[in-house]
Every structure is written in C-alpha cells, then in structure tokens.
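For reference, the chains in residue letters:
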Amino acid sequence: MILLVLTALAADPAAGKVVYQANCTACHGLAGDGKGPAAVALPQKPNDFTDPAYWATKTDTDVAALIRAGKPGTAMMAFTQLSDAQVTDTVAYLRSLSKPK
C-alpha cells in the first residue's frame, strides 16, 4: 500500500504528456476530450479525460490497467511496451486534464 502511494506521489504529469502525445492523441485528441482525428471512424467513442464524471468512476489503477491491457471489443489497444513509470506518468497527466464543472 505504501509503495502505491509513493508511486503516485512520484508521478510526473509532464513526462506523461509526452507519452500521451506520442501514443494517444489520434483517438483521444490533443485536449484529451475524446475528439482525436481517428475518433470519427470509431463505433465506440474514446474516453473524455476532461470530464469529471469519467474520473468519478475510475481509480488510477483502473486507468493504468486499461492502458496496459487495452479494452477488448474496442479500438483501445494494449500498450505493453510502456514502462511502469510511463504508465504512472500518463495516468497522472490524464487526471490533470479533468475540468471542474
């Protein structure tokens, strides 16, 4: 439990932004709102990370698992090539995109 807390505290959203921009913007968009250029062709729209409602039902562990394993039946592929630090940083960046209502 302590390790998970320390990992979250050590996350670097700026480094996560770099990973996000290199791997996620085609579907999730530059703003993280699910409106990337590929999104229009997808039957299930990508998650909107700017929506606080998305984060109300997700933990960082949930989101990290989705990044690692993908989401079967959707276009969300598994990003197994990313290191644990890259995933942690990306989750921290995604969480920073949430806009208060």
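Please refer to the structure placed before this passage.
If you're wondering where the values come from, they're calculated on a predicted model, not measured in any experiment. (Residues numbered from 1 in each chain as written. Predicted model: local features only at pLDDT ≥ 70, side-chain atom pairs only at ≥ 80, totals over all residues. Heavy atoms only, no water.)

Draft legend 1. Structural view of the packing of helix α2 (residues 13-23) against helix α6 (residues 84-96). For the pair α2 and α6, the least separation of the axes is 7 Å and the interaxial angle reads 95 degrees. Of the possible angle classes, the one that applies to α2 and α6 is roughly perpendicular. For the pair α2 and α6, contact is made by Pro 13, Ala 15, Gly 16, Lys 17, Val 19 and Tyr 20 and by Gln 86, Asp 89, Thr 90, Ala 92, Tyr 93 and Leu 94, respectively. Class assignment of the residues belonging to the contact of α2 with α6 gives a composition of seven nonpolar, three polar and two charged. (Axes fitted to C-alpha atoms, helices over the stretch in contact; angles between N-to-C directions. Helix = DSSP H or I, 4+ residues; strand = E, 2+ residues; numbered from the N terminus. Parallel < 35°, antiparallel > 145°, perpendicular 65-115°, else oblique. Contact = heavy atoms within 4.5 Å. Nonpolar A, V, L, I, M, F, W, Y, C, P; charged D, E, K, R; others polar.)

Draft legend 2. How the structure looks around the environment of Gly 70. For Gly 70, the position within the fold is in the loop between α5 (60-69) and α6. Taking the relative accessible area as the measure of exposure, Gly 70 reaches 7% and is therefore buried. Considering only alpha carbons, one finds Gly 70 and Ser 83, 13 residues apart in sequence, at a separation of 15 Å. Residues contacting Gly 70, with those up to four places away along its chain left out, are Ala 65, Met 76, Met 77 and Ala 78. (Buried < 20%, exposed > 50% of the residue type's maximum accessible area, 1.4 Å probe, protein only.)

Draft legend 3. Layout of the pattern of salt bridges. Applying the stated criterion across every chain yields a total of two salt bridges. A salt bridge links Asp 60 to Arg 95; the nearest nitrogen and oxygen atoms lie 2.6 Å apart. Taken together, the positions of Asp 60 in helix α5 and Arg 95 in helix α6 put the pair 35 residues apart, joining distant regions of the chain. Judged by its relative accessible area of 31%, Arg 95 falls in the partly exposed class. (Salt bridge = Lys/Arg side-chain N within 4 Å of Asp/Glu carboxyl O.)

Draft legend 4. The arrangement of the nonpolar core in detail. Tyr 20, Phe 49, Trp 55, Val 63, Ile 67, Leu 82 and Leu 94 are the most contacted members of the largest nonpolar core, which has 15 residues in total. Every element with two or more residues in this core is listed here: α2, α4 (52-56), α5 and α6. Sort the elements by how many residues they give to this core and α6 lands first, with four residues. If we ignore the near neighbours within four places in the chain, the residues touching Trp 55 are Phe 49, Asp 60, Val 63, Val 91, Leu 94, Arg 95 and Ser 98. (Core = buried A, V, L, I, M, F, W, Y, C linked by side-chain atoms within 4.5 Å.)

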